[in-house]
Amino acid sequence: MKNLMIFLSLSTVIFANSAKELVDTKCTICHLASQPSASERQNMIAPPMFGVMNNLGIHFKDDKKAITAFVKDYVINPDEKKAVCQSHAITRFGVMPSQKGSITPEELDKVANYLFDEYLKK
Ligand code: HEC
C-alpha cells in the first residue's frame, strides 16, 4: 500500500508536467485540439487550437521565438489590441479571459513550445 502511494504521487509529479497534459487541462477546455465536427463547431466557445496556431504561423512567419513569446504574453495578458486572430473570432467569442493564476510561467513556457512543435514545426 505504501509503495502504491509512492508510485501514485510520483506519477502525478511526472505526468502533471507533461506539456500535452498541461494543454489538455488548461487550454483544450476552450480550444478544441483538432478539427471540430459540424455540431462541435456550433458549440465552440473559442477558436480551435490548430486554427489559432496556423494563424500565428502565418502572422509571425513561423518564427518560433516570436510565436512562443506571443502565446506566453497573450495567455496572461489577453487584449483585443494585441490579438492577431481574425477579428470575427473576438466578435464571436469575446476576448480570451486571462489565465493568470491558473498556469505558472514554467508551465506556460512548456505549453508555448509544445504548441509550436505540435502544430507548426515542419
Ligand atoms: C476560458 C476559455 C479559454 C481558455 C481556458 C483558454 N483560452 Fe485562449 N482564447 C479564448 C478565446 C475566447 C479566444 C479568442 C478571442 C481572443 O483572441 O482573445 C482565445 C484566443 C487565444 C489565442 C489567440 C490570440 C489572438 O491572436 O487573438 C491564443 C494564442 C490562445 N488563446 C492561447 C491559449 C492557450 C495557450 C491556453 C491554455 C494555456 C488558452 N488559450 C486557454 C478562450 C480561452
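Residues numbered from 1 in each chain as written. Predicted model: local features only at pLDDT ≥ 70, side-chain atom pairs only at ≥ 80, totals over all residues. Heavy atoms only, no water.

Under an unreviewed UniProt entry, the name given to the protein chain is Putative Cytochrome c, class I, and the organism recorded is Sulfurovum sp. enrichment culture clone C5.

(A) Layout of the coordination of the iron atom of the ligand. Within the protein, His31 (NE2) and Met96 (SD) serve as the donor atoms for the iron atom of the ligand, at 2.0 to 2.1 Å. The coordination sphere of the iron atom of the ligand comprises six donor atoms, whose angles at the metal cover 86 to 179 degrees; the geometry is octahedral. Taken together, the residues span a long stretch of sequence, with His31 in the loop between helix H2 (19-26) and helix H3 (38-43) and Met96 in the loop between helix H6 (87-93) and helix H7 (105-119) at a distance of 65 residues. Judged by relative accessible area, His31 falls into the buried class, the value being 13%. The class of Met96 is partly exposed, set by a relative accessible area of 22%. (Donors = N, O, S within 2.8 Å, 3.2 Å for Na, K, Ca; no water. Tetrahedral: all angles 85-135°; square planar, octahedral: opposite > 155°, others 65-115°. Helix = DSSP H or I, 4+ residues; strand = E, 2+ residues; numbered from the N terminus. Buried < 20%, exposed > 50% of the residue type's maximum accessible area, 1.4 Å probe, protein only.)

(B) Seen up close, the packing of aromatic side chains. This structure, assessed with the given rule, holds two aromatic pairs. Ring geometry for Phe60 and Phe70: centres 5.5 Å apart, planes at 50 degrees, overall tilted. With Phe60 in the loop between helix H4 (49-59) and helix H5 (64-76) and Phe70 in helix H5, this pair connects stretches of sequence that are 10 residues apart. Residue classification places Phe60 among the partly exposed positions, given a relative accessible area of 21%. Consider the rings of Phe70 and Tyr74, whose centres lie 5.4 Å apart with planes at 20 degrees: the pair is stacked. Of this pair, Phe70 and Tyr74 both sit in helix H5, four residues apart, roughly one helical turn. Considered together, Phe70 and Tyr74 belong to a single accessibility category, that of buried residues. (Phe/Tyr/Trp six-rings, centres within 6.5 Å; stacked < 30°, edge-to-face > 60°.)

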